[in-house]
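Residue strings, one per chain:
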Amino acid sequence: MRQEFWKIVQHCEVDWRMRIVYWRELAKQARRKARLVAIAVFFTVPGLLLHETRAGAQDSQQQIPIEPPALLLGAAWYPEQWPESRWNVDLDLMQKAHMHVVRIGEFAWTALEPKEDQYDLDWLEKAIDLAGKHGIYVILGTPSAAPPVWMATKYPDILVADENGERYTGSTRNHYNWCSERYRGFVREIDERLAQRFGHNPYVIGWQIDNEYSRMSFGPEAQSQFHDWLQRRYGTLAKLNDAWTTAYNNQTYSAWDQIPLVNGMADNNPGLWLDSKRFISDSLRDYQKVQIDAIRKYADPRQKITTNMMGWFDLYDHYTVGQDLDMIAWDNPQVQGRFDPIRNGAAHDLMRGLKGTNYWVMETTAGPRGGGNASMMLDKGAMRAAMWHDIGHGADLISYWQWRDALNGGEQNHGAIVDVDGEPDPIYQEIAQVGQEFEKAGPVIKGTSVDARVAILHSYPSRWTINWQKMNPAYDAINELMSYYTPLHELGYTIDIVPPERDLTKYKLVIAPGLDVLTQTEADNLERYVKQGGHLVLGQRSGMKDEYEARWPQRQPGPLAALLGARVEQYTALDAPVEVTGQWDEAKAQMFVEQLTTLANDVKVLMRYRAPGSWLDGQPAAVTRTLSQGSITYVGAWLDDAGMKRAVQWMLSDSGAQPDLFPAPEGVEIYRRAAKDHEVFIVENDAHEERTVELPEAMNDVLTGETLHTVKLQAYGVEVLEKNGIK
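Counting starts from 1 at the beginning of each chain's written sequence and moves along it residue by residue. pLDDT decides what is reported in this predicted model: residues at 70 or higher carry local features, side-chain atom pairs at 80 or more are listed and counted, and totals for whole chains, interfaces and linings draw on all residues regardless. Only hydrogens and water are removed before side-chain values are computed, so all heavy atoms of the structure are retained for them.

Student: Report on the overall build of the chain, specifying residues and quantitative values.
Tutor: Only DSSP runs of H or I reaching four residues or more are called helices, and only runs of E reaching two or more are called strands; each is numbered from the N terminus. Counting secondary structure elements, the chain contains 20 helices and 25 strands. For each residue, the accessible area found with a 1.4 Å probe, counting protein chains only, is set against the maximum for its type, and the residue is called buried under 20%, exposed over 50%, and partly exposed in between. With 727 residues in all, the chain has 59% of them scored as buried. By definition, residues are in contact when any of their heavy atoms lie within 4.5 Å. By sequence separation, contacts in the chain at least 24 residues apart represent 72% of the contacts at least 6 residues apart. Throughout, the Shrake-Rupley method with a 1.4 Å probe supplies accessible areas, and for residues the shown protein chains are the sole cover considered. Counting every atom, the chain has about 29400 Å² of accessible surface; 49% of that belongs to carbon and sulfur.

Student: Residues and numbers for the packing of helix H11 (residues 270-296) against helix H16 (residues 460-468), please.
Tutor: Each packed pair of helices is defined by two parameters, the angle between the axes and the distance between the axes. For the pair H11 and H16, interaxial distance at closest approach is 11 Å and the crossing angle is 135°. Here H11 lies oblique to H16, going by the angle between them. When you trace H11 past H16, the crossing you get is right-handed. Counting all contacts with H11, which are made through Trp273, Leu274, Lys277 and Ser281, the residues of H16 involved are Pro461, Trp464 and Trp468. Residues that form the contact of H11 with H16 fall into these classes: five nonpolar, one polar and one charged. All axes here are fitted lines through C-alpha atoms, helices being fitted over the stretch that makes contact, and every angle between N-to-C directions spans 0 to 180 degrees. Reported orientations rely on four angle classes, namely roughly parallel under 35 degrees, roughly antiparallel over 145, roughly perpendicular from 65 to 115, and oblique for the rest. Take the far helix as the reference: if the near one is turned anticlockwise from it by less than a right angle, the crossing is left-handed, and if turned clockwise, right-handed. Put simply, Ala, Val, Leu, Ile, Met, Phe, Trp, Tyr, Cys and Pro go in the nonpolar bin, Asp, Glu, Lys and Arg in the charged bin, and everything else, Gly too, in the polar bin.

Student: Outline helix H4 (residues 84-96), supporting the account with residue identities and numerical values.
Tutor: Residues of H4 that are buried: Arg86, Trp87, Asp90, Leu91, Leu93 and Met94. The buried residues of H4 occupy one face: seen down the axis, they fall within an arc of 155°. Structural note: H4 exposes Ser85 and Lys96 on the side pointing more than 90 degrees away from its buried face. Elements that come into contact with the buried residues of H4 comprise strand E2 (101-104), helix H6 (122-133) and helix H15 (427-445). Positive backbone phi, approximately 60°, marks His98, located one or two places after H4. Here the arc refers to the set of directions running from the helix axis out to each C-beta atom.

Student: Quick one: what's the story with the sheet that holds strand E4 (residues 204-208), residue by residue and with numbers?
Tutor: Two strands qualify as a pair provided that DSSP identifies no fewer than 2 bridges between them. The sheet built from nine strands is open, its strands ordered E5-E4-E3-E2-E1-E9-E8-E7-E6 with parallel pairing. Each edge of the sheet is formed by a strand with only one pairing partner; in this case those strands are strand E5 (304-306) and strand E6 (308-309).

Student: Pulling in residues and values, what's your account of the confidence of the model for the chain?
Tutor: Every residue is assigned a pLDDT by the predictor, reflecting its confidence on a scale from 0 to 100. Across the chain, the average pLDDT comes to 90, with 90% of residues at 70 or higher. Residue range residues 1-61 is modelled with pLDDT below 50. Its contacts to residues more than four positions away, or to other chains, number 63 contacts.

Student: So, the pattern of salt bridges: which residues are in play, and what are the values?
Tutor: Put simply, a salt bridge is a Lys or Arg side-chain nitrogen that is within 4 Å of an Asp or Glu carboxyl oxygen. Taken as a whole and assessed by the stated rule, the structure comprises 40 salt bridges. Linking Asp90 and Arg86 is a salt bridge whose minimum nitrogen-to-oxygen distance equals 2.9 Å. Of this pair, Asp90 and Arg86 both sit in helix H4, separated by four residues, roughly a single helical turn. The buried category is assigned to Asp90, whose relative accessible area is 0%. Look at Arg86 and you get buried, because its relative accessible area is 15%. Note that Asp516 and Lys545 form a salt bridge whose closest N and O atoms lie 3.9 Å from each other.

Student: Describe helix H17 (residues 477-490), listing the residues and the values that go with them.
Tutor: Here H17 spans 20 Å end to end across 14 residues, near enough to the 20 Å set by a 1.5 Å rise per residue. At Ser483, H17 is deflected by roughly 30°, the largest bend along its length, and proline Pro487 occurs up to four residues later in sequence. The buried count for H17 comes to eleven of 14 residues, which makes it a mostly enclosed element. Of the residues making up H17, those classed as buried are Ala477, Ile478, Glu480, Leu481, Met482, Ser483, Tyr484, Tyr485, Pro487, Leu488 and His489. The residue sitting at the N-terminus of H17 and contributing the capping side-chain oxygen is Asp476; that oxygen lies 3.0 Å from the backbone nitrogen of Ile478. The first or second residue beyond H17 is Gly492, which carries a positive phi of 95°. Residue count minus one, scaled by 1.5 Å, sets the expected span of a helix. One axis fitted to the seven residues ending at a residue, another fitted to the seven starting there: the angle between these axes is the bend at that residue. Any pair of nitrogen or oxygen atoms within 3.5 Å is treated as a polar contact; in protein, a donor-acceptor pairing is required on top of that, and neighbouring residues in sequence qualify only through side-chain atoms on both sides.

Student: Describe the sheet that holds strand E22 (residues 678-685), naming the residues involved and giving the relevant values.
Tutor: As summarised here, the arrangement of the five strands in space is E21-E22-E25-E23-E24, forming an open sheet in which the pairing is antiparallel. Only two strands of the sheet have a single partner each, and these edge strands are strand E21 (668-674) and strand E24 (707-713). Between one strand axis and the next, the sheet turns by 25° as a mean value, whatever way the strands run. In this structure, E21 lies alongside E22, joined through seven bridges in antiparallel fashion. Across the sheet, residue Glu669 finds its bridge partner in E22, namely Glu684.

Student: I'd like to hear about the environment of Asp191, residue by residue, with values.
Tutor: By secondary structure assignment, the location of Asp191 is in helix H8 (residues 181-198). Taking the relative accessible area as the measure of exposure, Asp191 reaches 0% and is therefore buried. Spatially, the C-alpha atoms of Asp191 and Arg296 are 9.9 Å apart, while their sequence positions differ by 105 residues. The residues touching Asp191, leaving out its near neighbours within four places in the chain, are Thr142, Pro143, Gln291 and Ala294.

Student: Talk me through the packing of helix H9 (residues 220-234) against H11; I want residue IDs and the actual numbers.
Tutor: Where H9 contacts H11, the two axes come as close as 10 Å, and the packing angle between them is 105°. Considering their axes alone, H9 and H11 lie roughly perpendicular with respect to each other. Only Leu272, Asp275, Ser276, Arg278, Phe279 and Asp282 of H11 make contact with H9, whose side of the interface consists of Ala222, Gln225, Phe226, Trp229, Leu230, Arg233 and Tyr234. Residues that form the contact of H9 with H11 fall into these classes: seven nonpolar, two polar and four charged.

Student: Just give me the short version of the side chain of Glu719, but keep the residues and values in it.
Tutor: The residue Glu719 is located in strand E25 (residues 718-724) in this model. With residues near it in sequence (within four places) discarded, Glu719 still touches Phe681, Ile682, Val683, Asp701, Leu708, Val711 and Leu713.

Student: Which residues make up the pairing of strand E9 (residues 395-400), and what are the values?
Tutor: In terms of burial, E9 is a largely internal element, six of the six residues being buried. Here four bridges tie strand E1 (residues 72-76) to E9, and the two strands are oriented parallel to one another. Residue pairing for E9: Gly74 is matched across the bridge by Ser399. Of the strand pairs in this sheet, strand E8 (residues 359-364) and E9 are connected by four bridges, and their pairing is parallel. Counterpart to Tyr359 in the pairing with E9 is Ala395.

What follows is the structure, given as structure tokens:
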């Protein structure tokens, strides 16, 4: 306690109000209030005088509140790239655009440490304090995504190597080896210095570790750590050989260093593929933990620690890497010229499901991207609608990438809010409108979150496995998930995307498409859910593999076959659609089909194949079984869109799940966030024509204060509506 107290006292740049808050809390915890208050007064009086002097010199500038607003709008700002004389102009423009936060520092290592062991943090402190005086908070990036040239030149072992041992030399970021102990040491040192300096700065509300983890090293250090990881996981080579069935094709290992860390795409053992990916995830988590610990050693708990992930990107298991973070954040650029609210919404739900809480969008943009990819601007007004879409899915912060176009570098043509000449781009006014709206809506949205009663299960091992063994080149694990997600969304349901080991008690309906890798622990969780009254639907390719990616000795769905009372008899890819018929009417199966067999008398066949001359003809394509108040269903066919919508309607009816979103015309999206005493509905029109939405009851327009029964929306129009009380 005493050490923590002196740590705070030593940072005299901390706002005087914030210091008093800390000292009171410390006094309370230590039960030495009188003694600490006396000391606090001694140190606070000079701080008060200093604060008053600064405040007097900055009368025209906003003094930042201690608590940030509920909804934050910001941008990535790189003051190290521009003369200090420009900073105030930039921040004035941000303030006029009602922006509340900037992310800085994540690519500034050379500016922070120009030479080894020579540090310069003064410029960063000036930038942070100047932002604070404009009413703008800071998310401080650790600079580890881009090591300085001097470091890479002197210590080439910190760079990534491919599977052939070749080191990357041309990249300007994400080219470091996170398995390198030397690099981790450099990272720890710079992070501790930053945390010592800014860990109590009242303007700093968060830390972003690194930037878009995206490249794994397969060099000697990573290989050695992989061998150690395997020894901890299996204990003996005999156990590993048994789990991976290395007797097949004479793959048996007799020494740990014979086992290569692979990138998951080589023609190799599936168990090795999967454990390589697990090691990549665990090693990245360890690297990230080095930075978390370095920051937490000095920083306030109120400063949230995050990193910016990338949606469906699957180099690593995001559930593994996300578990140590205070806040999930991800990058969601819109560069295709067309905003897809359903597919983009699923990515939001995936990210929200990593921890089951509200999250941040650390980067978004309206295009163009600026590189070799074709990229186009969104329509006028579409970026505003996309930002409110983000809020509807549970985001509390949205940051635009980037504030100002860079004069040079790989992304010099990337779209920004301010152009190279320092003047605002056309998107500036749209961003400013969103900032004003966030300020109006923030108090109402504060404390709300997304609340779903329908879930889709998602597993990185299953996605990896299906992508490695597609069985049909057109098969895509994300598209399979979307085949269920899309009709659920269109029918008016909020959806959680969560891992199969998560507590599922609150959900009326749980759908597991493509749960190819199913561990015994996960199977037990799903069985418990069904026996407690839940309704579980397994999609095709579920329950084939165990945790080592070996085939379960029983046929699909493996450890759930007994509960289902049926199994997959055989499976095959398709080169043309096959008809299916039954309770869900006529439909067509595509790409891949599974022929089912019932094993228990109380199993009901829902759909059968109609394929004369085929093994499939007349065989079950979907079955269900009721168990007490719950049920388990298996769908062995990838149905066409119309057939899947009817199937999903049946699933919802069978489970008793009720829609939580009210009906809307085509092209209109509705999102719901709820607190204990009220609901907030975000209604947006993504169509190109005006739409009218009839509300189920009168609601308050949060942005105008009006009471509405009907909403009329122009193209890309948005309404934020509040309804008091929750049914």
